[in-house]
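Residue-level structure breakdown
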Amino acid sequence: VKHRVPKLLFVASVALLVALAPAVSIAARFKIKATADDTWSPDFQHITRNNVIVWRNPDDRFHDLTSYGRNWSMEHGLPPGRSTSRRFKKVGVYKFRCRIHSALKSGQCDGMCGVVHVTR
Ligand SMILES: [Cu+2]
């Protein structure tokens, strides 16, 4: 009998934590970096919903991150040493490229191109 109150408190605390978990969960961050030979590394990144992609430019030249395809929109110049990030909330295939070091021809990307796959 003497353990009854603490045990109830414990059960209530656990229930509260479980209830709050989705709200307080911290998104994982996945890195994609520009390389000196004008590629993205990695050029394919798979994440689950609500996680974050961070594009980083450790190169000493400018890269111009831009989306292509119709399902999203992003453009962010990446001077040397800079980064930018995006949280992906919806399942999908998100294509991106460097506007300077790639070319789009009939919707196909050639050069500094990459893709993020977001799944449930
Ligand atoms: Cu570039």
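Just so it is clear, the model here is predicted, and its values are computed rather than measured.

With respect to the packing of aromatic side chains
Given two aromatic rings, their pairing is described by the distance between the two centres and the angle made by the two planes. Scanning the entire structure with this criterion turns up seven aromatic pairs. For the pair W55 and W72, a centre-to-centre distance of 6.3 Å together with 20° between the ring planes defines the contact as stacked. Within this pair, whereas W55 is found in strand β4 (residues 51-56), its partner W72 is found in the loop between β5 (63-68) and β6 (75-78), the two being separated by 17 residues in sequence. Since its relative accessible area comes to 9%, W72 is described here as buried. With centroids separated by 4.7 Å and ring planes inclined at 55°, the aromatic side chains of F88 and Y94 adopt a geometry described as tilted. Judged on exposure class, the residue F88 and its partner Y94 are both buried. Through successive ring pairs, a cluster of aromatic residues spans W40, W55, W72, F88, Y94 and F96.

Looking at the pattern of salt bridges
Within this structure, the stated rule accounts for five salt bridges. A salt bridge links D60 to R61; the shortest N-O distance between them is 4.0 Å. The exposed category is assigned to D60, whose relative accessible area is 62%.

What to know about the side chain of T84
Structurally, T84 can be placed in strand β7 (residues 83-88). Within the structure, the side chain of T84 is placed 3.4 Å from the side chain of H76, a separation counted as a polar contact. When sequence neighbours within four positions are dropped, the list of residues in contact with T84 reads I53, V54, W55, L65, M74, H76 and L78.

What about the nonpolar core?
W40, W55, F88, F96 and V116 are the most contacted members of the largest nonpolar core, which totals 17 residues. Of all the secondary structure elements, the ones that give two or more residues to this core are β1 (29-34), β4, β8 (92-105) and β9 (108-119).

Considering a positive patch on the surface
There is a patch of like positive charges on the surface, built from R29, K31, K33 and R56. The biggest single contributor to the positive patch is β1, with three residues. Counting through the fold element by element, R29 comes out in strand β1.

Reading the values: rules and limits
Residues numbered from 1 in each chain as written. Predicted model: local features only at pLDDT ≥ 70, side-chain atom pairs only at ≥ 80, totals over all residues. Heavy atoms only, no water. Phe/Tyr/Trp six-rings, centres within 6.5 Å; stacked < 30°, edge-to-face > 60°. Helix = DSSP H or I, 4+ residues; strand = E, 2+ residues; numbered from the N terminus. Buried < 20%, exposed > 50% of the residue type's maximum accessible area, 1.4 Å probe, protein only. Salt bridge = Lys/Arg side-chain N within 4 Å of Asp/Glu carboxyl O. Polar contact = N/O pair within 3.5 Å; in protein donor to acceptor, adjacent residues only side chain to side chain. Contact = heavy atoms within 4.5 Å. Core = buried A, V, L, I, M, F, W, Y, C linked by side-chain atoms within 4.5 Å. Patch = residues over 30% accessible without salt bridge, like charges linked within 9 Å, V, L, I, M, F, W, Y side chains within 5 Å. Areas by Shrake-Rupley, 256 points an atom, 1.4 Å probe, with all protein chains shown as cover. Lys, Arg positive; Asp, Glu negative; His and termini not counted. Charge placed at Lys NZ, Arg CZ, Asp CG, Glu CD.

By themselves, these observations are geometric and do not establish any function.
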